[in-house]
Amino acid sequence: MTEKWYQLSVEIHRKYGGKISITPKVPIRSMDDFAIYYTPGIAEVSRQIHKNPELAFELTSRWNIIGVITDGTRVLGLGNIGPEAAYPVMEGKALIFKYLGGVDAVPIPIRVKTQEEFVFVAKALEPALGGINLEDIESPKCFYLLERLREELRIPVWHDDQQGTATATLAGLINALKLVGKKISDVTIALIGAGASNIYTARILIKYGAKPGNLILVDSKGILHPERDDIDKLMIENPWKYKYAIETNAERRKGGIPEAMRGADVVIAASSPGPGVIKKEWVASMNKDAIVFALANPVPEIWPWEAKEAGAKIVATGRSDFPNQVNNSLIFPAVFRGALDVRATAITDEMLIAAAEEVAKFAEEKGIHEEYIIPKMTEWEVYVREAAAVAATASAQKVARIPRSYKEELEIAGSIIGKSIKMLEVLMMEKIIE
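In this text the structure is predicted, and so the values were computed from the model without any measurement.

### Overview of the overall build of the protein chain
Next, step 1: Across its full length, the protein chain carries 18 helices and ten strands.
Next, step 2: Reported as C-alpha extents along the three principal axes, the dimensions of the protein chain are approximately 75 × 45 × 45 Å.
Next, step 3: The buried share among the 434 residues of the protein chain stands at 51%.
Next, step 4: Long-range contacts, defined as pairs at least 24 residues apart, comprise 70% of the intrachain contacts of the protein chain with a sequence gap of at least 6.
Next, step 5: When the accessible surface of the protein chain is summed, it comes to about 20,300 Å², and 57% of that surface belongs to carbon and sulfur atoms.
Next, step 6: Side-chain charges of the protein chain comprise 53 positive and 57 negative groups, with the mean position of each set lying 1 Å from the other.

In structure tokens, the structure reads:
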């Protein structure tokens, strides 16, 4: 089945020559219009922006344009395949940004050798962009780049593998815990994999109320704890992972995945594709009404039916063909929609938590059950509400240049996202897109 999708994807990309294009959004009735859009009229627009650079967000399309930037060092499950090969993935991201968020995203794979070169390029691009989505960058480089660029740029910088996955995971977990009648402050959570996704997931879970000591992280060498042989090396080479080796795992468990899962209430796996990374007997050793998030793609760490057979109450994966898809595609278009609409200078953890809560609330209102803990990507109304929650939180935190209420952003985001979806429908109906 997978081979079929591989071949079809190559054929479709060749037929259309890629997935996105630039489309005018102003009327052109005659050549005289270019006297307004270009010379001589444009000179006054440039003069005003020169006097006040912030006007670039009002007088140009910068307010709605983000760069999807990668160095191609960790693409999907393919690894370090370089910037050219990363382009189709960044373009796919841009397509989702536009369709589900109304965000004009530009794929920007860059050829850089060092972290400092990456920072230099991103900073040089800031005047062209309203935000930056970092994508498919190897760990721990991705942690450094996110921290550094968030500190030094005045536009929102986001790393989807960290923040997007963490937010989607929290949204799903909020409802899963409701269904099993457990509180986040009480549960033991095993995080299998200690890369970009789970390191940030740990951070968000703690901010949301999980006790650090109740988290148990596992990397390829075993459970994180302060007495590991490589702890000094971690402190120097990966201070982000080191932080959780020190602060989590109050029981000081040692060993690997089975030891981490024993007696746990929740397992969140974002590690190597399976099946067989997580075994049925390890799920059976978890607490009653266990929650299993097996998020590796294209194959989860354990098949959902195997986890259920072993006693798991609720199972989620990263795949759309199984119930409960926990995927960052439910998050990033809306987070940027809300951030861009209030001209946010940053995307904070509180904005992410607001997004997760809104996504969870949307599903709860529809009626959550064991096979529906999180909305599907086709329920596009959730993106509007999520954007509104993000914008309102950014405004309350005073990181918004144009503060807006939840209600105000609900109308704005609904119009922009609705127009984006409608535009594609019309282009297809008129056979401009075959």
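### Looking at the domain arrangement of the protein chain
Next, step 1: Per the domain assignment, the segments making up the protein chain are domain 1 (23-162), domain 2 (163-317) and domain 3 (331-430).
Next, step 2: Taking the mean C-alpha position of each, domain 1 and domain 2 sit 33 Å from one another.
Next, step 3: In this complex, domain 1 contributes 14 residues to the contact, which on the side of domain 2 involves 13 residues.
Next, step 4: Note on domain 1 versus domain 2: buried area summed over both sides is about 1,100 Å², and carbon and sulfur give 54% of it.
Next, step 5: Linking domain 1 to domain 2 there are zero salt bridges.
Next, step 6: Here domain 1 is connected to domain 2 by eight residue pairs in polar contact (both at pLDDT 80 or more).
Next, step 7: Counting only elements with at least two residues in the side of domain 1 that touches domain 2, the list comes to helix H7 (141-152), strand E4 (157-159) and helix H8 (160-180).

### Quick look at the side chain of Glu-135
Next, step 1: In this structure, Glu-135 sits in the loop between strand E3 (131-134) and H7.
Next, step 2: Apart from the residues lying within four places of it in its own chain, the contact partners of Glu-135 are Val-68, Ile-69, Thr-70, Met-90, Lys-93, His-159, Asp-160 and Asp-161.

### Things to note about the sheet that holds E4
Where strands meet in a sheet, backbone hydrogen bonds hold them as pairs that are either parallel or antiparallel.
Next, step 1: An order of E2-E1-E3-E4 is seen for the four strands of this open sheet, with the pairing classed as parallel. The open sheet has two edge strands, strand E2 (104-109) and E4, and neither has a second partner. Strand after strand, the sheet turns through a mean of 25° between neighbouring axes, direction not considered.
Next, step 2: Sheet topology places E3 next to E4; three bridges connect them, and they run parallel. Across the sheet, residue Ile-132 finds its bridge partner in E4, namely Val-157.
Next, step 3: Taken strand by strand, helix H15 (residues 332-341) contacts strand E1 (65-70), E3 and E4, and its axis lies near 160° from that of E3.

### Some details on unusual backbone geometry
Next, step 1: Looking along the chain, the bond that leaves Thr-39 and enters Pro-40 is cis, with omega of 10°.
Next, step 2: In this fold, Pro-40 is placed in the loop between helix H2 (34-37) and helix H3 (42-51).
Next, step 3: Residue Pro-298 is reached from Asn-297 by a cis peptide bond, and omega for that bond is 5°.
Next, step 4: You can see Pro-298 is positioned in the loop between strand E9 (290-294) and helix H14 (304-309).
Next, step 5: Phi is positive for Asp-136, which is not a glycine, with a value near 50°.
Next, step 6: Structurally, the position occupied by Asp-136 is in the loop between E3 and H7.
Next, step 7: For Asn-324, which is not glycine, the phi dihedral falls at a positive 60°.
Next, step 8: Looking at where Asn-324 falls in the secondary structure, it is placed in the loop between strand E10 (312-317) and H15.

### Some details on the UniProt feature "domain: Malic enzyme N-terminal" (unreviewed entry) in the protein chain
Next, step 1: Per the UniProt record, the feature "domain: Malic enzyme N-terminal" (unreviewed entry) sits at residues 17-150.
Next, step 2: In residues 17-150, helix accounts for 44% and strand for 12%; the two terminal C-alpha atoms are 34 Å from one another.

### Description of the pairing of strand E5 (residues 189-192)
Regular strands place side chains that alternate from one sheet face to the opposite one.
Next, step 1: Residues of E5 alternate between two faces, with Ile-189 and Leu-191 on one and Ala-190 and Ile-192 on the opposite face, all of them buried.
Next, step 2: Relative to strand E6 (residues 215-219), E5 is paired through four bridges, and the arrangement is parallel. For Ile-192, the partnering residue across the bridge sits in E6 and is Val-218.
Next, step 3: For the segment spanning E5, helix H9 (residues 196-208) and E6, crossover handedness is right-handed.
Next, step 4: Pairing between E5 and strand E8 (residues 266-269): four bridges, direction parallel. In the sheet register, Ile-192 faces E8, and the bridge partner there is Ala-269.

### Description of the packing of H9 against helix H16 (residues 349-366)
Next, step 1: One way to put it is that H9 packs onto H16 with a least axis distance of 11 Å and a crossing angle of 80°. It follows from the interaxial angle that H9 and H16 lie roughly perpendicular. Judged by residue contacts, Tyr-200, Arg-203, Ile-204, Lys-207 and Tyr-208 of H9 engage Asp-349, Glu-350, Leu-352, Ile-353 and Glu-357 from H16.

### Observations regarding the pattern of salt bridges
Next, step 1: Throughout the structure, instances matching the rule amount to 34 salt bridges.
Next, step 2: Two residues, Lys-93 and Asp-160, come together in a salt bridge whose shortest N-O distance is 2.4 Å. With a gap of 67 residues between them, Lys-93 in helix H5 (residues 82-101) and Asp-160 in helix H8 connect regions that are remote in the sequence.
Next, step 3: Note on Lys-93: relative accessible area 9%, which makes it buried.
Next, step 4: Residue classification places Asp-160 among the buried positions, given a relative accessible area of 0%.
Next, step 5: The residue Glu-152 makes a salt bridge to Lys-123 at a minimum N-O spacing of 2.6 Å. A residue pair is termed long-range when its members are at least 10 positions apart, and Glu-152 in helix H7 and Lys-123 in helix H6 (residues 115-125) qualify at 29 residues.

Procedures and definitions
- Residues numbered from 1 in each chain as written.
- Predicted model: local features only at pLDDT ≥ 70, side-chain atom pairs only at ≥ 80, totals over all residues.
- Heavy atoms only, no water.
- Helix = DSSP H or I, 4+ residues; strand = E, 2+ residues; numbered from the N terminus.
- Buried < 20%, exposed > 50% of the residue type's maximum accessible area, 1.4 Å probe, protein only.
- Contact = heavy atoms within 4.5 Å.
- Areas by Shrake-Rupley, 256 points an atom, 1.4 Å probe, with all protein chains shown as cover.
- Lys, Arg positive; Asp, Glu negative; His and termini not counted.
- Charge placed at Lys NZ, Arg CZ, Asp CG, Glu CD.
- Domains from an automatic or database assignment.
- Buried area = accessible area lost by both parts, 1.4 Å probe.
- Salt bridge = Lys/Arg side-chain N within 4 Å of Asp/Glu carboxyl O.
- Polar contact = N/O pair within 3.5 Å; in protein donor to acceptor, adjacent residues only side chain to side chain.
- Pairing = 2+ DSSP bridges.
- Axes fitted to C-alpha atoms, helices over the stretch in contact; angles between N-to-C directions.
- UniProt positions renumbered as here; feature names shortened; annotations may be inferred.
- Right-handed = clockwise from strand over helix to strand, strands pointing away.
- Parallel < 35°, antiparallel > 145°, perpendicular 65-115°, else oblique.

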